[in-house]
Amino acid sequence: KVSDTDQTHHPEETNRRLIRSLREFPVLEWLGQVDTLKQLSQAVHAEFVREDDLKGGVELGHCINEEGGISMFDQEYTSIARLLVEEAKVTLCLRMLHHFKSLQYDRASWESTLETAAQTTGQTQAQLETKCRGFEQCVGLLLARACVHIETLQLLDVRLFLTHISMVLDYCDRKQQRENVCCETEQETMVLEYFACLMKHLEAINSSEVVSSCLEQRLLKLVMSHILNHATEYSEELSFSVTSGLSLLVDDEDFSTNWEQFFANSEGEIDSQQIDAFLQIEDLVGNLVAQCPTRRADLRPLTDFLGKLRRKFGQ
């Protein structure tokens, strides 16, 4: 842990040292790194304040590169996201987070791991659960912050990223009931921001491979399930992020030429229930545009696709 004085007077040097200290350990063996992760997440929040006008996880006043994304190397300061990329720690954060959630979703293995850790550390299971929530929220925030930038996604293990997003959304689809509240700082909701970031930078990260993986992992169906079950719990910013992500996906050429496959059942035929489910987001999209008419252009591909589905299937 570094002192508040170091953090104040030498933030870049301090943050780089903290990031370099991160190591990949088996689940719960990283407990000693939780304080470091908290310091880094606090630094991220300080960046939010510094930018002063953050919208949906994207800095205003950013530099747009040729691919239309946000370049971290032209900012006026060295961000946490840039340090994570320079020190090659982004995929490490993703792997730790993915392994943690994988184990947590296996209740028997998770309870056994918690019991062993409690015996080893002398902490109660309740204390360990609290530290695990802190770990999840801190690493999740660092990953979300970094993935705003194209440079991060170009270096990230995108297939693992998609696998993680799908795993979390599949858990929500199978296990969580409609009345469960989703917390936007936990993975069960934050993965929607990850999805939106991926869609925003499709062209820069090989859109054919990403769209193919989305189809293979049923990502569109899982995103729709989450929206239909939990959209009433979303903030306005999250609602716009996820619908913007959908708009970018349906506007992609690889999706447009094979869109029927995304709505096919196990026999390869169009599943009318999936079509009906997708059409249910029209009200959400309409409300977002009504609240802020400038969103109309961003959501145009999605509204056009919804209209296409209605015409084709007589809805």
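Here the structure is a predicted model, which means the values were calculated and not measured.

J.: Mind showing me how you'd approach the overall build of the protein chain here?
T.: Secondary structure summary: the protein chain contains 17 helices and zero strands in total. Considering the protein chain as a whole, with its 315 residues, one finds that 50% of them fall into the buried category. On the protein chain, roughly 15,100 Å² of surface is accessible, and the fraction owed to carbon and sulfur atoms is 46%.

J.: What's the story with the packing of helix 5 (residues 90-105) against helix 10 (residues 187-200) in this structure? I'm lost.
T.: Where helix 5 meets helix 10, the axes come as close as 13 Å, and the angle between the chain directions of the two elements is 140°. With respect to their mutual orientation, helix 5 and helix 10 come out oblique. Regarding helix 5 and helix 10, the two cross each other, and that crossing is left-handed. Counted together, Leu97, Lys101 and Tyr105 of helix 5 and Gln187, Glu188 and Tyr194 of helix 10 form the full contact between these two elements.

J.: It is not clear to me how the pattern of salt bridges should be interpreted in this structure. Could you clarify?
T.: In a structure, side chains of opposite charge can pair up when their charged atoms sit close to one another. Per the stated rule, a full pass over the model turns up 16 salt bridges. Notably, a salt bridge pairs Arg16 with Glu86, separated by 2.8 Å at the nearest N-O pair. With Arg16 in helix 2 (residues 11-20) and Glu86 in helix 4 (residues 80-86), this pair connects stretches of sequence that are 70 residues apart. When its relative accessible area of 18% is taken as the criterion, Arg16 is described as buried.

J.: Hey, could you run me through the nonpolar core in this one?
T.: One broad rule of soluble globular proteins: the nonpolar side chains tend to lie buried together. Counting 95 residues, the largest nonpolar core has Trp30, Phe161, Phe255, Phe263 and Phe278 as the members making the most contacts within it. Beyond its immediate chain neighbours, meaning those up to four positions away, Trp30 contacts Phe25, Met96, Phe100, Cys132 and Phe135.

J.: Honestly, unusual backbone geometry in this entry has me stumped. Any pointers?
T.: Peptide bonds are, in most cases, trans, and in most cases residues other than glycine have a negative phi. Of note, the phi angle at Asn206 is positive, near 70°, even though the residue is not glycine. Of note, Arg218 is a non-glycine position whose phi angle comes to about 60°, a positive value. Secondary-structure assignment places Arg218 in the loop between helix 11 (207-216) and helix 12 (219-230).

J.: What exactly am I supposed to notice about helix 12 here?
T.: In an α-helix, one turn spans 3.6 residues, which is why side chains three or four residues apart end up on the same side. The first and last C-alpha atoms of helix 12 sit 16 Å apart over 12 residues, in line with the 16 Å expected at 1.5 Å per residue. Of all 12 residues in helix 12, 10 are buried; the element is thus mostly enclosed. Regarding helix 12, the residues found buried are Leu219, Leu220, Leu222, Val223, Met224, Ser225, His226, Ile227, Asn229 and His230.

J.: Teacher, can you tell me more about the packing of aromatic side chains here?
T.: A ring pair, where both rings are aromatic, is described by two values, the distance of the centres and the angle of the planes. Applying the stated criterion across every chain, the model contains 14 aromatic pairs. Geometry around Phe240 places Arg295 over its ring, the cationic atom sitting 4.9 Å from the centre.

J.: Where do I start with the packing of helix 13 (residues 236-250) against helix 17 (residues 296-313) in this structure?
T.: Helix packing geometry: the angle between the two helix axes and the distance between the axes. Interhelical geometry of helix 13 versus helix 17 gives an angle of 65° and a closest axis separation of 8 Å. Crossing angle aside, the handedness with which helix 13 passes helix 17 is left-handed. Where helix 13 abuts helix 17, its residues Phe240, Thr243, Ser244, Leu246, Ser247 and Val250 lie against Asp298, Leu299, Arg300, Pro301, Leu302 and Phe305. Partitioned by chemical class, the residues of the contact of helix 13 with helix 17 number seven nonpolar, three polar and two charged.

J.: What is the right way to read the environment of Leu18 from this model?
T.: One can find Leu18 in helix 2. A C-alpha to C-alpha distance of 10.0 Å links Leu18 and Leu83, two positions 65 residues apart in sequence.

J.: Would you mind showing me how to read the state of the cysteines here?
T.: Here is the idea: a disulfide is a covalent bond, and it sits between the sulfur atoms of two cysteines. Under the definition given, this model contains zero disulfides. The thiol of Cys147 is unpaired, and the distance to the nearest cysteine sulfur, on Cys197, comes to 6.1 Å.

Criteria and thresholds
- Residues numbered from 1 in each chain as written.
- Predicted model: local features only at pLDDT ≥ 70, side-chain atom pairs only at ≥ 80, totals over all residues.
- Heavy atoms only, no water.
- Helix = DSSP H or I, 4+ residues; strand = E, 2+ residues; numbered from the N terminus.
- Buried < 20%, exposed > 50% of the residue type's maximum accessible area, 1.4 Å probe, protein only.
- Areas by Shrake-Rupley, 256 points an atom, 1.4 Å probe, with all protein chains shown as cover.
- Axes fitted to C-alpha atoms, helices over the stretch in contact; angles between N-to-C directions.
- Parallel < 35°, antiparallel > 145°, perpendicular 65-115°, else oblique.
- Left-handed = near helix turned anticlockwise from the far one by under 90°.
- Contact = heavy atoms within 4.5 Å.
- Salt bridge = Lys/Arg side-chain N within 4 Å of Asp/Glu carboxyl O.
- Core = buried A, V, L, I, M, F, W, Y, C linked by side-chain atoms within 4.5 Å.
- Expected span 1.5 Å × (residues − 1).
- Phe/Tyr/Trp six-rings, centres within 6.5 Å; stacked < 30°, edge-to-face > 60°.
- Lys NZ or Arg CZ within 6 Å of the ring centre and 35° of its normal.
- Nonpolar A, V, L, I, M, F, W, Y, C, P; charged D, E, K, R; others polar.
- Disulfide = S-S within 2.5 Å.

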